[in-house]
Amino acid sequence: WLQSPVAVKAIALESVGEHRTMTEGFEFFVSEMAGSNMSARRRELLVRLEDAAMIIDTLYEMYTEAMSGMVTGVQDNTTSAIGTLFGSMLTTRPDLTPEIKDVFVDYFHYVYASMSDIELDSYVRFWESPTGRKLARARRRASVAGLHNAGLRTGVALAVIYTEILPAAVADVEAPAL
């Protein structure tokens, strides 16, 4: 299925979309047009696409794994106060799913603008199929796989900054004359 004309078109649009999101065109689209010219049918297809492809869930899991590793790296290599501060980063993250879903629906509306509803429906049905679900799960596992260790390495580096570099820099600063 991934070699079908619809899949090839969707994948090409996704690849281009990744590069176009930082342009003024995307900013204009989001601020001026996103959602305003989207039919209820189109919105429903885009919401189904996000659900089936597990995009927001994957991003949250990626964030959690990276942050978990970073917090562990900091906590294992710093004082309890700094470790506690970093630990709070994992427990204070609000659930932004509804807001993020709206952002992704607008993003998808932009990326897939040149696809008809019929083409988009075909693409969504692929992601909802057993094969599409299997691919979404495999992509999720691959996306998350190394993030805990990458976060851990970042946490260890941050611990060095907080325990060695910053204190040394602060010690080198002369107190202002009174």
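Going by the structure above, here's the rest.
1. Quick word on the packing of aromatic side chains
Next up, step 1: Scanning the entire structure with this criterion turns up 7 aromatic pairs.
Next up, step 2: With a centroid separation of 5.8 Å and 55 degrees between ring planes, the pair formed by phenylalanine 108 and tyrosine 112 is classed as tilted.
Next up, step 3: One aromatic cluster is present, built from ring pairs that chain together Phe104, Tyr107, Phe108, Tyr112, Tyr123, Phe126 and Trp127.

2. Things to note about the pattern of salt bridges
Next up, step 1: In the structure shown here, the tally under the stated rule is 10 salt bridges.
Next up, step 2: Across the salt bridge formed by arginine 125 and aspartate 121, the nearest N and O atoms sit 2.9 Å from each other. Here aspartate 121 and arginine 125 lie together in helix 7 (residues 117-128), a separation of 4 residues that amounts to about one turn.
Next up, step 3: Sharing partners across several salt bridges, the network here consists of Arg41, Glu44, Arg48, Asp121, Arg125 and Glu128.

3. Re the nonpolar core
Next up, step 1: Of all hydrophobic cores here, the largest spans 27 residues; its most connected members are Leu46, Leu49, Phe108, Tyr112, Met115, Tyr123 and Trp127.
Next up, step 2: Taken together, the elements giving at least two residues each to this core come down to helix 1 (5-20), helix 3 (40-53), helix 4 (55-75), helix 6 (97-111) and helix 7.
Next up, step 3: Of all the elements, helix 6 adds the most residues to this core, at 6 residues.
Next up, step 4: Contact partners of phenylalanine 108, with chain neighbours within four places excluded, come to Leu46, Leu49, Glu50, Ile55 and Ala113.

4. Things to note about helix 3
An α-helical segment advances 3.6 residues per turn. Residues three or four places apart therefore align on the same side.
Next up, step 1: For helix 3, spanning 14 residues, the distance from its first C-alpha to its last is 20 Å, which sits close to the expected 20 Å at 1.5 Å a residue.
Next up, step 2: Once helix 3 ends, the next one or two residues include methionine 54, with phi positive near 55 degrees.

5. Details of the packing of helix 7 against helix 8 (residues 130-144)
Next up, step 1: Taken N-terminus to C-terminus, the directions of helix 7 and helix 8 make an angle of 70 degrees; their axes are 4 Å apart at the nearest point. Regarding the angle of helix 7 to helix 8, the classification is roughly perpendicular. Along its contact with helix 7, which presents Phe126, Trp127 and Glu128, the element helix 8 presents Pro130, Thr131, Gly132, Arg133, Leu135, Ala136 and Arg139.
Next up, step 2: Among the residues forming the contact of helix 7 with helix 8, the class breakdown is 5 nonpolar, 2 polar and 3 charged.

About the criteria used
- Residues numbered from 1 in each chain as written.
- Predicted model: local features only at pLDDT ≥ 70, side-chain atom pairs only at ≥ 80, totals over all residues.
- Heavy atoms only, no water.
- Phe/Tyr/Trp six-rings, centres within 6.5 Å; stacked < 30°, edge-to-face > 60°.
- Salt bridge = Lys/Arg side-chain N within 4 Å of Asp/Glu carboxyl O.
- Helix = DSSP H or I, 4+ residues; strand = E, 2+ residues; numbered from the N terminus.
- Core = buried A, V, L, I, M, F, W, Y, C linked by side-chain atoms within 4.5 Å.
- Buried < 20%, exposed > 50% of the residue type's maximum accessible area, 1.4 Å probe, protein only.
- Contact = heavy atoms within 4.5 Å.
- Expected span 1.5 Å × (residues − 1).
- Axes fitted to C-alpha atoms, helices over the stretch in contact; angles between N-to-C directions.
- Parallel < 35°, antiparallel > 145°, perpendicular 65-115°, else oblique.
- Nonpolar A, V, L, I, M, F, W, Y, C, P; charged D, E, K, R; others polar.

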